[in-house]
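# Structural characterization, general
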Amino acid sequence: MSTTIDQVIRCKAAVAWEAGKPLVIEEVEVAPPQKMEVRIKILFTSLCHTDVYFWEAKGQNPVFPRILGHEAGGIVESVGEGVTDLQPGDHVLPVFTGECKECAHCKSEESNMCDLLRINTDRGVMIHDQKSRFSINGKPIFHFVGTSTFSEYTVVHVGCLAKINPLAPLDKVCVLSCGISTGLGATLNVAKPKKGSSVAIFGLGAVGLAAAEGARIAGASRIIGVDLNANRFELAKKFGVTEFVNPKDYKKPVQEVIAEMTNGGVDRSVECTGHIDAMISAFECVHDGWGVAVLVGVPHKDAVFKTSPLNLLNERTLKGTFFGNYKPRSDIPSVVEKYMNKELELEKFITHEVPFSEINKAFDLMLKGEGLRCIIRMGA
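Described in the following lines is the structure provided in the data block. These numbers come from a predicted model, not from an experiment.

Conventions and cut-offs
- Residues numbered from 1 in each chain as written.
- Predicted model: local features only at pLDDT ≥ 70, side-chain atom pairs only at ≥ 80, totals over all residues.
- Heavy atoms only, no water.
- Pairing = 2+ DSSP bridges.
- Helix = DSSP H or I, 4+ residues; strand = E, 2+ residues; numbered from the N terminus.
- Axes fitted to C-alpha atoms, helices over the stretch in contact; angles between N-to-C directions.
- Contact = heavy atoms within 4.5 Å.
- Salt bridge = Lys/Arg side-chain N within 4 Å of Asp/Glu carboxyl O.
- Buried < 20%, exposed > 50% of the residue type's maximum accessible area, 1.4 Å probe, protein only.
- 1 Å grid on protein atoms, 1.4 Å probe; cavity = no way out; pocket = protein on both sides within 12 Å on 5 of 7 lines; lining within 4 Å.
- Points joined across faces, edges and corners; volume = space filled by probe spheres on them.
- Nonpolar A, V, L, I, M, F, W, Y, C, P; charged D, E, K, R; others polar.
- Disulfide = S-S within 2.5 Å.
- Parallel < 35°, antiparallel > 145°, perpendicular 65-115°, else oblique.
- Left-handed = near helix turned anticlockwise from the far one by under 90°.
- Expected span 1.5 Å × (residues − 1).
- Arc of directions from axis to C-beta.
- Core = buried A, V, L, I, M, F, W, Y, C linked by side-chain atoms within 4.5 Å.

### A word on the sheet that holds strand β11 (residues 222-226)
Taken in spatial order, the six strands line up as β12-β11-β10-β13-β14-β15 in an open sheet, and their pairing is parallel. For this open sheet the edge positions go to β12 (243-245) and β15 (317-320), each flanked by a neighbour on one side alone. Each strand of the sheet is rotated relative to its neighbour by a mean of 20°, with strand direction disregarded. Bridge count between β11 and β12: three bridges; the pairing is parallel. Its bridge partner lying in β12, V226 is registered against V245. Against the sheet, helix α8 (residues 276-284) makes contact with β10 (198-202), β13 (268-271), β14 (292-295) and β15, and its axis sits at roughly 170° relative to β13, the strand it touches most.

### Quick word on the pattern of salt bridges
Enumeration according to the criterion identifies 23 salt bridges in this entry. The residue D227 makes a salt bridge to R232 at a minimum N-O spacing of 3.0 Å. In this structure R232 comes out as partly exposed when scored by relative accessible area, which is 33%. A salt bridge links K348 to E345, with the shortest nitrogen-to-oxygen separation between them at 2.8 Å. A relative accessible area of 13% means that K348 is categorised as buried. You can call E345 partly exposed: its relative accessible area is 35%.

### A closer look at the sheet that holds strand β7 (residues 139-141)
Picture the strands of a sheet paired through backbone hydrogen bonds; they go either parallel or antiparallel. Ordered by their spatial adjacency, four strands build an open sheet running β1-β2-β6-β7, and the pairing between neighbours is antiparallel. With one partner strand each, in any of the chains shown, β1 (9-15) and β7 form the two edges of the open sheet. Each adjacent strand pair in this sheet contributes to an overall mean axis angle of 50°, direction not counted. Two strands pair when backbone bridges link them, and strand β6 (residues 134-136) and β7 are joined in this way by three bridges, in the antiparallel orientation. Bridge assignment links S135 to a residue of β7, and that residue is P140.

### Remarks on empty space enclosed by the protein
Under the defined criterion, the tally for this structure stands at one cavity of 30 Å³ or more. Of the volumes computed, that of the largest cavity is approximately 120 Å³. Taken together, 13 residues form the lining of the largest cavity, with L117, R123, I127, G146 and C160 sitting closest to its centre. Classifying every residue of the lining of the largest cavity by side-chain character gives eight nonpolar, three polar and two charged.

### Considering α8
Where α8 is concerned, the buried positions are A278, M279, I280, S281, A282 and F283. Contacts from the buried residues of α8 go to β10, α7 (254-261), β13, β14, α9 (309-313) and β15.

### Considering the state of the cysteines
Tallying each qualifying case throughout the model produces zero disulfides. With no disulfide of its own, C11 lies 18 Å from the sulfur of C174, the closest cysteine sulfur. Unpaired in this structure, C178 has its nearest cysteine sulfur neighbour in C48, at a distance of 3.9 Å.

### As for the packing of helix α4 (residues 179-191) against helix α5 (residues 206-218)
Viewed as axis vectors pointing N to C, α4 and α5 meet at an angle of 40°, and their least axial separation amounts to 7 Å. If you check the angle between α4 and α5, you find them oblique. Crossing of α4 against α5: the hand is right-handed. Across from G179, I180, T182, G183, L184, T187 and L188 in α4, the residues of α5 making contact are A206, V207, A210, A211, E213, G214, A215, I217 and A218. Residue composition of the contact of α4 with α5, by class: ten nonpolar, five polar and one charged.

### Some details on helix α10 (residues 328-340)
Spanning 13 residues, α10 covers 18 Å between terminal C-alpha atoms, matching the ideal 18 Å at 1.5 Å per step. Inspection of α10 places P328, R329, I332, P333, V335, V336 and Y339 among the buried residues, and these make up the whole buried set. Down the axis of α10, the buried side of the element spans an arc of 160°, and every buried residue falls inside it. Among the structural elements, β5 (91-94), β9 (161-163), α3 (170-173) and α4 are those in contact with the buried residues of α10. K342, located one to two residues past α10, shows a positive phi value of around 65°.

### Observations concerning the nonpolar core
Burial of nonpolar side chains together is a common tendency in soluble globular proteins. Within the largest apolar cluster, 105 residues are counted, with the highest numbers of intra-cluster contacts made by V28, F150, V173, L176, L346 and I376. The greatest single-element share of this core, amounting to six residues, is contributed by α5. When near neighbours in sequence (up to four residues on either side) are disregarded, V28 contacts I9, R10, C11, A13, V15, I67, F134, S135, I136 and S151. A200, F283, C285 and V286 belong to the second-largest nonpolar core, a separate cluster that totals 15 residues.

### A look at the pairing of strand β2 (residues 24-30)
Taken together, the seven bridges between β1 and β2 define a ladder with antiparallel strand orientation. Bridge assignment links R10 to a residue of β2, and that residue is E29. Here two bridges tie β2 to β6, and the two strands are oriented antiparallel to one another. Its bridge partner lying in β6, E29 is registered against S135.

Okay, here's the thing in structure tokens:
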């Protein structure tokens, strides 16, 4: 790789030229990394719903042309000035949020919401000089959440890269750089169910099933899956889900159904849909005295959470989480080790694989609601 250090690299990238239009494989120029930046060769990337959301750009500021992608695994090609803890050849997972290790959040044991590198979906440039490292014929192409992994090479701030075990298969652990860690950590780090306890999971997409996987690892005895799509129930059994509730099957609120099933409510609940009604149900279905509800899904910006204060006074706890409370650089390497030790199963999350040249197929699959994660093989 050394021949490319300090030079512009020409490579293929899937460019989103405008909202909702198929991505186009283009030859792009990727500039060398600047201060505190790292250029990496992406080997595998996967599609997350967040990519589709910002590609559709229905509720956000449209930032185009743009290179999307944020779940991936790659190898360091070169490092910029000031980077000391990574070197060429290191295996890394890029993460949409970061850990500068200097701010109050990074120094806190409780927070992972770095002041410098917290997710910014509107920023299409690098922090160092407010410029893009991608261009086509001199015209800049914007970055996405600091990662832009739908490119054979990308430039990322060092604080957004988790250095991982080089023996870990990147085509599997790449899914840990966003959704799977978010759901897993929501359960293991925030809800913290005890062995033998009951857990309700609202929303059985990839993040919700990762939350169920966390409950399985924690030893929960009852894992109740809640979803409006009954087709998801069979697959969810692989992730430890023991019972299913489809709110459409009942005339009463789903929180009442769950309270009846569990003699007063579940011990823990994790909400992974982002729908405000599900959030309220997830909170109101936990047991008084000790129940804890954790919100993971991102709601509409105007949504308002309404519940009786008595639900809190009766000793129910409501918590929120961001990226499963994991600090990217400090914690994600140990999540990879959970997979390497066979404690965490990742294969069951990966339902499809396509070559990079067919990346639009991955979008089609997600838009149809088929499968969980589609791995995109670069260089193919």
